[in-house]
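# A look at the structure
Now for the letters of each chain:
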Amino acid sequence: MFWILLFVILMLMSLGGAFYLITRFHRFSFIKRLSERHKKLSWLASIIPVAGIACLSFINFYSAIVVILHLIIFWLIADLIACILKRVTKKERRYNIEGILVILFTAVYLCIGWYNAHHVVCTPYSISTDKAIAGGRLRIAGFADSHVGITLDGDAMAKEMARIQAENPDIVVIAGDFVDDDSKRDDMIKSCKALGELKTTYGIYFVSGNHDKGYMEGYRDFTLDELYSELEKNNVTVLEDKAVMVTDNFAIIGRRDKHDESRKTIGELADGISPDVYTLVLDHQPNDYDNEAASKVDLVYSGHTHGGHIWPSGYIGLWIKANDFVYGHTVRENTDFIVTSGISGWAIPFKTGAVSEYNVIDITGWK
């Protein structure tokens, strides 16, 4: 409900902000000169750039909203600074310098955000444990939030899986939101086949996220069961509230997504696993940290937050307690928690608050 309310507020802000932007464009000197001769034409000239941005909606609705909101925020800040300078200097300005700077800054800022969303990096972590690990070392490659089709189609996913293969992982884990409502069957199948090409010691494990199930029934051209079928066909183990012993001293628990009312507690899932066994939990949403730490599992790997995606949304998520953590590595009691920013992201092809990434987690213990 909160996110629906937030979306409505953002829509209203965008509409009001569009009018504000039109008045800002009307300040440019060449439009002012036009206004002296053709007042209506000058306002039409002011509307054109805003309408041009709005036309982005036909390509990506959320991109248009993001561009408009950033222009509004940056222009408000610039107007405030210009007002302060005017009071201090007591001088009238002939040129709309702040307007030019806002447009340039917004363009550069969002170009960086575009690059962050489309350029995938590897973020490594090193964790030690006093428990036994086969060979004394375990290398986990993990990712989440591919939302196939947003910034990575099936072919691009295959290239990223080749990069993950080059890391020589012992095991690969996927922490949900592999696909989205907009994902196409062809891209989904190609992405699953790319997973099937991976060569690991212990296999590939998957848990679903809130978008894998889909929010709009019948909107995409495949079902959740068909996704599971393609994953399993490509030797991916789907864990839906299940615990598996990978080796005698390494277990994985896969949790259903938080929104699934049938989801078991972490206590129920961890019951029966020896405390001497190193236990990895895959949980798409990072918001059950107290219970997971109390269950004494060793590592919890999550996604969902996209590392904040558009700044400062990550901090808003913490403020409203939607998530226990937004990005990176933290420790509670004796449990390590890692949240990835995702190898892609939902709907918006910009990341101004994070990067796109996969993780390589090296765990060292005694042989």
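Our subject in this report is the structure included herewith. All values derive from a computational prediction rather than experimental measurement. (Residues numbered from 1 in each chain as written. Predicted model: local features only at pLDDT ≥ 70, side-chain atom pairs only at ≥ 80, totals over all residues. Heavy atoms only, no water.)

## A short note on the sheet that holds strand β4 (residues 204-207)
Overall, mixed pairing links the six strands, which are arranged β1-β12-β2-β3-β4-β5 in an open sheet. Among the strands making up the open sheet, the edge pair consists of β1 (120-132) and β5 (236-238). Pairs of neighbouring strands in the sheet enclose a mean axial angle of 25°, with direction left out of account. As judged from the six bridges shared by strand β2 (residues 137-143) and strand β12 (residues 356-366), these two strands associate in the antiparallel manner. Within β12, the position partnered with Ile140 by the bridge is Ile361. (Pairing = 2+ DSSP bridges. Helix = DSSP H or I, 4+ residues; strand = E, 2+ residues; numbered from the N terminus. Axes fitted to C-alpha atoms, helices over the stretch in contact; angles between N-to-C directions.)

## So, the sheet that holds strand β6 (residues 242-247)
What the six strands build is an open sheet, ordered β6-β7-β8-β9-β11-β10; its pairing is mixed. Every other strand in the sheet has two partners, leaving β6 and β10 (328-332) as the edge strands with one partner each. On average, adjacent strands in this sheet sit at an angle of 20° to one another, irrespective of strand direction.

## Some words on the pairing of β10
Bridge analysis of β10 against strand β11 (residues 335-339) gives five bridges, and the strand direction is antiparallel. Across the sheet, residue His329 finds its bridge partner in β11, namely Ile338. Between β10 and the antiparallel strand that follows it, β11, lie two residues; Glu333 among them carries a positive phi value of about 55°.

## Some thoughts on the pattern of salt bridges
Using the criterion set out here, one finds 21 salt bridges in the structure. When the shortest N-O distance is used, the salt bridge between Arg256 and Glu240 registers 3.6 Å. Of the two residues, Arg256 is situated in the loop between β7 (250-254) and α9 (266-270) and Glu240 in the loop between β5 and β6; the sequence distance between them amounts to 16 residues. Note on Arg256: relative accessible area 24%, which makes it partly exposed. For Glu240, a relative accessible area of 11% translates into the label buried. Among the salt bridges present, the one from Asp290 reaches Arg332, with a minimum N-O distance of 3.0 Å. In this pair, Asp290 sits in helix α10 (residues 289-294) while Arg332 sits in strand β10, placing the two residues 42 residues apart along the sequence. A single salt-bridge network, built from bridges that share partners, covers Lys213, Glu240, Asp241, Arg256 and Asp260. (Salt bridge = Lys/Arg side-chain N within 4 Å of Asp/Glu carboxyl O. Buried < 20%, exposed > 50% of the residue type's maximum accessible area, 1.4 Å probe, protein only.)

## Considerations on a nonpolar patch on the surface
On the surface, a nonpolar cluster with roughly 470 Å² of combined accessible area is contributed by Phe7, Val8, Leu12, Leu15 and Phe61. Relative to the assigned elements, Val8 resides in helix α1 (residues 2-25). (Patch = residues over 30% accessible without salt bridge, like charges linked within 9 Å, V, L, I, M, F, W, Y side chains within 5 Å. Areas by Shrake-Rupley, 256 points an atom, 1.4 Å probe, with all protein chains shown as cover.)

## Let's talk about the nonpolar core
One finds Phe143, Met161, Phe178, Leu195, Phe206, Leu227 and Leu231 to be the most contacted residues of the largest nonpolar core, which totals 29 residues. Residue assignment for this core shows that the elements contributing at least two residues are β2, α6 (154-166), β3 (171-175), α7 (185-196), β4, α8 (224-233), β5 and β12. Leaving out residues up to four positions away in the same chain, Leu195 has contacts with Phe143, Met161, Ile174, Phe178, Ile204, Leu231, Asn234 and Val236. In terms of nonpolar packing, the next biggest core, distinct from the first, is built from 23 residues, Ile140, Val173, Ile252 and Ile361 among them. (Core = buried A, V, L, I, M, F, W, Y, C linked by side-chain atoms within 4.5 Å. Contact = heavy atoms within 4.5 Å.)

## Details of the packing of aromatic side chains
Within a pair of aromatic rings, the relevant descriptors are the distance that separates the centres and the angle that separates the planes. Inspection of the entire model under this criterion finds ten aromatic pairs. Ring plane angle 40° and centroid distance 6.5 Å describe the contact between Phe250 and Tyr278, whose orientation is recorded as tilted. One end of the pair, Phe250, is in strand β7; the other, Tyr278, is in strand β8 (residues 278-282), and 28 residues separate them in sequence. What makes Phe250 buried here is its relative accessible area of 3%. With 3.8 Å between their ring centres and 25° between their planes, Tyr289 and Phe337 make a pair best called stacked. On the criterion of sequence distance, the pair formed by Tyr289 in helix α10 and Phe337 in strand β11 is long-range, its members being 48 residues apart. (Phe/Tyr/Trp six-rings, centres within 6.5 Å; stacked < 30°, edge-to-face > 60°.)

## Some details on α7
Every α-helix winds through 3.6 residues per turn, so residues three or four apart in the chain are directed the same way. When the terminal C-alpha atoms of α7 are compared, their 16 Å separation across twelve residues agrees well with the 16 Å that a helix rising 1.5 Å per residue should span. When α7 is considered as a whole, its buried residues turn out to be Asp187, Met188, Ser191, Cys192, Ala194 and Leu195. Buried residues of α7, seen end-on, are gathered within an arc of 155° and therefore sit on one face of the element. (Expected span 1.5 Å × (residues − 1). Arc of directions from axis to C-beta.)

## Points about helix α4 (residues 61-89)
Its 29 residues place the ends of α4 42 Å apart at the C-alpha level, agreeing with the 42 Å of an ideal helix rising 1.5 Å per residue. Positive backbone phi, approximately 55°, marks Lys90, located one or two places after α4.

## Let's talk about unusual backbone geometry
The omega torsion across Trp311 and Pro312 is 5°, close enough to zero to call that bond cis. Within the secondary structure, Pro312 sits in the loop between β9 (299-302) and α11 (313-319). Non-glycine residue Asp241 carries a positive phi angle of around 55°. Within the fold, Asp241 resides in the loop between β5 and β6.

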